[in-house]
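Residue-level listing of the chains:
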Amino acid sequence: MGTEVEVSEPLIEKIAAVNDEEEEADQPIPEWKDQITIRGLVASAIMGTLFCIITHKLNLTVGIIPSLNVAAGLLGFFLVKSWTSFLSKLGFSIKPFTRQENTVIQTCVVACYGLAFSGGFGSSLLAMDERTYQLIGADYPGNRAEDVKNPGLGWMIGFVVVVSFLGLFSLVPLRKVMILDYKLTYPSGTATAMLINSFHTNTGAELAGKQVRCLGKYLSISFFWSCFKWFFSGVGNSCGFDNFPSFGLTLFKNTFYFDFSPTYVGCGLICPHIVNCSVLLGAIISWGFLWPFISQHAGDWYPADLGSNDFKGLYGYKVFIAISLILGDGLYNLIKIIAITVKEMWNRSTRDSKLPFVNDVQDTETSKLLLEQKEREIVFLKDGIPTWFAASGYVGLAAISTATIPTIFPPLKWYLVLCSYLLAPALAFCNSYGTGLTDWNLASTYGKIGLFIIASLVGTDGGVIAGLAACGVMMSIVSTAADLMQDFKTGYLTLSSAKSMFVSQLLGTAMGCVIAPLTFWMYWTAFDIGSPDGPYKAPYAVIFREMAILGIEGFSELPKHCLALCCGFFVAALVINLLRDATPTKISRFIPVPMAMAVPFYIGAYFAIDMFVGTVILFIWELVNQKDSEDYAGAVASGLICGDGIWTIPSAILSIFRVNPPVCMYFGPAVGS
């Protein structure tokens, strides 16, 4: 999920200047090697593990993953500050904790947990497993038993190792162009830099301390609440608070209930109001009106005696209409961002050629800002990464990957992998440029394009596996390239070395190559992943496998009127996005986001209720105390998400050892009613 934010460069420089004025002391900028510390890497590994667990949980349940950058920044600051304070009290001489080291930790953590999403563990890789194959149906055209590859720790680690580092090398030579010449804002990277800069000032450190205490409080509440809920969740999927019919049994049957999940309430506090309202609107349209309406035509539109998870019945409508909304939204945003990119580059080239040279007398404030900017540029360019190193790194890794991937996925031939790597830098540039302008990372859209193209090229004999593997390759490259450029922007604004940013990305990615598969494996062995009736539905596994089959078979086997409905929702997604861009802000801020609307179509309305509760809490909080909500909402949300995420570890251990909850709290109609 991304939201469009615009931050102007002068504003960035002014904020940075204010932060610099508040510095406790003018600390010398450490050398790039000194910015990467053992304590920082240990803190990164701890937080990377926690955030991988949270990302997998969200990916395998609802598929909406909010930004956890604020939590990463806060927890990184807290862990290292706590450690240095503890050691200094014991009388040890401690190296000061600088904003550069804080930036390195942030970069490392984001690179690590980013792989839990871009690695395809909840989407393209999981779509290959036997459960997803059986869900779609053994007799479904294009869904072959040969196109099954169950998750395995060995091959998954091997796959992410050979594909994850390429994106880092693809755009390194363009860092000066993207950050200094084009002055792309990268709003999330800029916001992270402002947060880190503020921590390392007198007033900012005080607020950060309060935010950390707030995060710790809500983390504890969330953890103990999740523990309490477990005792009543019994055996099976129908017990406990997760199945509490808050609005009555009739609405409960249509998945409208509050399931007391701290994670989804926390997501509601972090995600923008319009995203939360869009999710609820999607739930009302699908589960409130559309599915009950289609169900009334059972026996006419589709056979009435089909199971609840048969693609020839209602389940098919749910999946394909969700796919049409996702593709409509993705296609629109891809075209829009390419158009913005081309227009911006054209304007820049014509503007640069027409600009006269002006040597104006600067006032004191402007001179100071220019000096600040000059210092940032000197630091940013000082420790360069040679172009030959980046180019040879990319070529070498591409050669290893081209040789290795066909051994993991035989239908994806070496020449198709090679073609993907020849195209990847251009796609990575488009995605990074678009992210810099709009803060919208379209990695999954590029992945789906790769999926359709490769699946249709390979055809019926292995096209599903080849398409899904190509999707994982493309997503990984374009996502890590955009993340790296975002981190370069953060480093530029915190006076961190570009080399330390690059090395910390490499180290974070290396951690992620081990931690992301291991944490996924914990879920895979402990829980029933992919069960349409359980909490871990893995919605994108079915959606991605169906997309691969669509790329090969077309629309031949859709239920009655399903294609017409899909076309209608696809066009609706395009029109809604067009309206969002064409209308003034005072109107467009009330127009829903189609991508967010699509998620509950397949999963259910329960998490939409939770997220809406989060957004209502935030809305009231903003009305009562705007300043407090700005300062602490992110900390409260992060605490709720992290506490629930931490409980997943003991919950998984109990599940592995077959320790069942002692009580089943169940709600059903009264006997004889």
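Residues numbered from 1 in each chain as written. Predicted model: local features only at pLDDT ≥ 70, side-chain atom pairs only at ≥ 80, totals over all residues. Heavy atoms only, no water.

The name given to the protein in an unreviewed UniProt entry is Metal-nicotianamine transporter YSL6, and the organism recorded there is Citrus sinensis.

**Student:** Help me understand the side chain of Gln100 in this model?
**Tutor:** The topology assignment puts Gln100 in helix H5 (residues 99-118). Among the polar contacts listed, one links the side chain of Gln100 to the backbone oxygen of Thr494, at a separation of 3.2 Å. Here Leu495 takes part through its backbone oxygen, which lies 3.2 Å from a polar atom of the side chain of Gln100. Discounting residues that sit within four places of it in the chain, Gln100 has contacts with Ile29, Pro30, Gln35, Thr494, Leu495 and Ser496. (Helix = DSSP H or I, 4+ residues; strand = E, 2+ residues; numbered from the N terminus. Polar contact = N/O pair within 3.5 Å; in protein donor to acceptor, adjacent residues only side chain to side chain. Contact = heavy atoms within 4.5 Å.)

**Student:** What should I look at first to understand unusual backbone geometry in this one?
**Tutor:** The general pattern is negative phi for most residues beyond glycine and trans for most peptide bonds. At Ala538, a residue that is not glycine, the phi angle is positive and equals roughly 50°. For Ala538, the location among the structural elements is in the loop between helix H21 (498-526) and helix H22 (539-553).

**Student:** How should the state of the cysteines be read in this particular structure?
**Tutor:** As used here, a disulfide is simply a covalent bond connecting the sulfur atoms of two cysteines. Applying the stated criterion across every chain, the model contains one disulfide. Two residues, Cys239 and Cys664, share a disulfide whose sulfurs are 1.9 Å apart. Residues Cys239 and Cys664 are joined by a disulfide whose S-S torsion is about -80°; by sign, that bridge is left-handed. Of this pair, Cys239 sits in the loop between helix H11 (202-230) and helix H12 (249-253) while Cys664 sits in the segment after helix H27 (626-656), and the two are 425 residues apart along the sequence. Residue classification places Cys239 among the buried residues on the basis of a relative accessible area of 5%. Relative accessible area serves as the criterion here: at 43%, Cys664 is assigned to the partly exposed category. With no disulfide of its own, Cys214 lies closest to Cys642 among cysteine sulfurs, the gap being 12 Å. Between Cys513, a cysteine without a disulfide, and Cys112, which holds the nearest cysteine sulfur, the sulfur-to-sulfur distance is 9.0 Å. (Disulfide = S-S within 2.5 Å. Buried < 20%, exposed > 50% of the residue type's maximum accessible area, 1.4 Å probe, protein only.)

**Student:** Can you walk me through the packing of aromatic side chains in this structure?
**Tutor:** Ring pairs (aromatic) are described by centroid distance and by the angle formed between their planes. For the structure on display, the rule yields 44 aromatic pairs. The interplanar angle of 90° and the centroid separation of 6.1 Å between the aromatic rings of Phe380 and Phe488 together place this pair among those described as edge-to-face. Of this pair, Phe380 sits in helix H16 (residues 364-382) while Phe488 is found in helix H20 (residues 463-493), placing the two residues 108 residues apart along the sequence. The same class applies to Phe380 and to Phe488, which are both buried. Plain terms: the ring middles of Tyr523 and Tyr536 are 5.6 Å apart, the flat faces sit at 65° to each other, and that makes the pair edge-to-face. (Phe/Tyr/Trp six-rings, centres within 6.5 Å; stacked < 30°, edge-to-face > 60°.)

**Student:** Would you mind showing me how to read the environment of Lys312 here?
**Tutor:** Tracing the backbone shows Lys312 in the loop between helix H14 (273-295) and helix H15 (314-354). For Lys312 and Tyr302, which are ten residues apart along the polypeptide, the C-alpha to C-alpha distance reads 6.7 Å.

**Student:** Could you clarify how one ought to interpret the packing of helix H7 (residues 153-164) against H20 in this entry?
**Tutor:** Packed helix pairs are characterised by how far apart their axes lie and by the angle those axes make with each other. Where H7 contacts H20, the two axes come as close as 9 Å, and the packing angle between them is 45°. The orientation of H7 with respect to H20, classified from their angle, is oblique. Crossing of H7 against H20: the hand is right-handed. Contacts from Phe159, Val163 and Ser164 in H7 reach Ala469, Gly472, Val473, Ser476, Ile477 and Thr480 in H20. (Axes fitted to C-alpha atoms, helices over the stretch in contact; angles between N-to-C directions. Parallel < 35°, antiparallel > 145°, perpendicular 65-115°, else oblique. Left-handed = near helix turned anticlockwise from the far one by under 90°.)

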